[in-house]
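Report on the structure
Residue-level listing of the chains:
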Amino acid sequence: MSADPTGARDEGFDDFVDAVAAGEGYYLQCENGHGSVPPRQVCPDCGSSALSETPLPDAGELQTYTVTHVATPAFSEDTPYVTAIASFGPVRITGQLRDAEPEELERGMPVELTTAQSATTGRRLLAFDPR
Ligand SMILES: [Zn+2]
């Protein structure tokens, strides 16, 4: 990892998005069994720095979501979109839920983690597809 905390954060996130895009998404697990989403230097629950990369489960569970109709300029071309939080084992991941009508969504429905591109900025982001 880079010694530059700011650089490491972006680099780590890109590495994580690359891994998800390749179907090799992972989370960080400490020796006490806590899970966290990369990039992290220490466990947010116990402060352990002994983190190991552990494969994410294939399917996550939709925990909550919100539909955005009016967005900040950074996402104005993406509206309306669904921002969701899904749990994958011990970690919760926030992303855009694609290809789903808001009225079809329900808590606990299975989703897969993938990547998408912002229609506004072209930047990659984390996304979910209904399974
Ligand atoms: Zn921990």
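Predicted model, so just to flag it, every value in this text is computed and none were measured.

Attention shifts here to the sheet that holds strand E4 (residues 60-68). On the basis of which strands lie adjacent, the closed barrel formed by five strands has the order E4-E5-E6-E8-E7 and mixed pairing. Across the sheet, the axes of successive neighbouring strands diverge by a mean angle of 45°, strand direction being ignored.

Take the coordination of the zinc ion next. Protein ligation of the zinc ion involves Cys30 (SG), His34 (ND1), Cys43 (SG) and Cys46 (SG), the donor distances falling in the range 2.1 to 2.3 Å. Of note is the zinc ion, whose four donor atoms meet at the metal with angles of 105 to 115° in an arrangement that counts as tetrahedral. On the primary sequence, the residues serving as donors to the zinc ion are separated as C-x3-H-x8-C-x2-C.

Here we have three strands laid out as an open sheet, ordered E2-E1-E3, and antiparallel in their pairing. Two strands in the sheet have a free side with no partner beyond their single neighbour: strand E2 (35-36) and strand E3 (52-55). Relative to E3, strand E1 (residues 26-29) is paired through four bridges, and the arrangement is antiparallel. Residue pairing across strands places glutamine 29 opposite serine 52, the latter belonging to E3.

All right, on to the environment of alanine 119 then. Relative to the helices and strands, alanine 119 resides in the loop between strand E7 (110-117) and strand E8 (124-130). The exposure class of alanine 119 is exposed, given its relative accessible area of 54%. Sequence separation between alanine 119 and proline 90 is 29 residues, and the spatial gap between their C-alpha atoms is 31 Å. Look past the residues within four positions of alanine 119 in its chain and what remains in contact with it is Glu77 and Asp78.

The share of residues in the protein chain with pLDDT of 70 or more is 92%, and the mean pLDDT across the chain is 89. Per-residue pLDDT stays below 50 along residues 1-9; that stretch engages in seven contacts with residues further than four places along the chain or on separate chains.

Where E4 lies against E7, two bridges are found, and the strand directions are antiparallel. Within the sheet, the bridge partner assigned to glutamate 61 lies in E7 and is proline 110. Across seven bridges, the pairing between E4 and strand E5 (residues 81-88) is antiparallel. Within E5, the position partnered with threonine 68 by the bridge is tyrosine 81.

Another point: the pairing of E5. Taking burial as the measure, the eight residues of E5 include six buried ones, the bulk of the element. With seven bridges joining them, E5 and strand E6 (residues 91-97) adopt antiparallel strand pairing. Considered in E6, the bridge of phenylalanine 88 is made with valine 91. Connecting E5 to the antiparallel partner E6 that follows it, the hairpin turn spans two residues, and glycine 89 within it adopts a positive phi of roughly 60°.

Thresholds, definitions, all that
- Residues numbered from 1 in each chain as written.
- Predicted model: local features only at pLDDT ≥ 70, side-chain atom pairs only at ≥ 80, totals over all residues.
- Heavy atoms only, no water.
- Pairing = 2+ DSSP bridges.
- Helix = DSSP H or I, 4+ residues; strand = E, 2+ residues; numbered from the N terminus.
- Axes fitted to C-alpha atoms, helices over the stretch in contact; angles between N-to-C directions.
- Donors = N, O, S within 2.8 Å, 3.2 Å for Na, K, Ca; no water.
- Tetrahedral: all angles 85-135°; square planar, octahedral: opposite > 155°, others 65-115°.
- Buried < 20%, exposed > 50% of the residue type's maximum accessible area, 1.4 Å probe, protein only.
- Contact = heavy atoms within 4.5 Å.
- pLDDT = per-residue confidence, 0-100.

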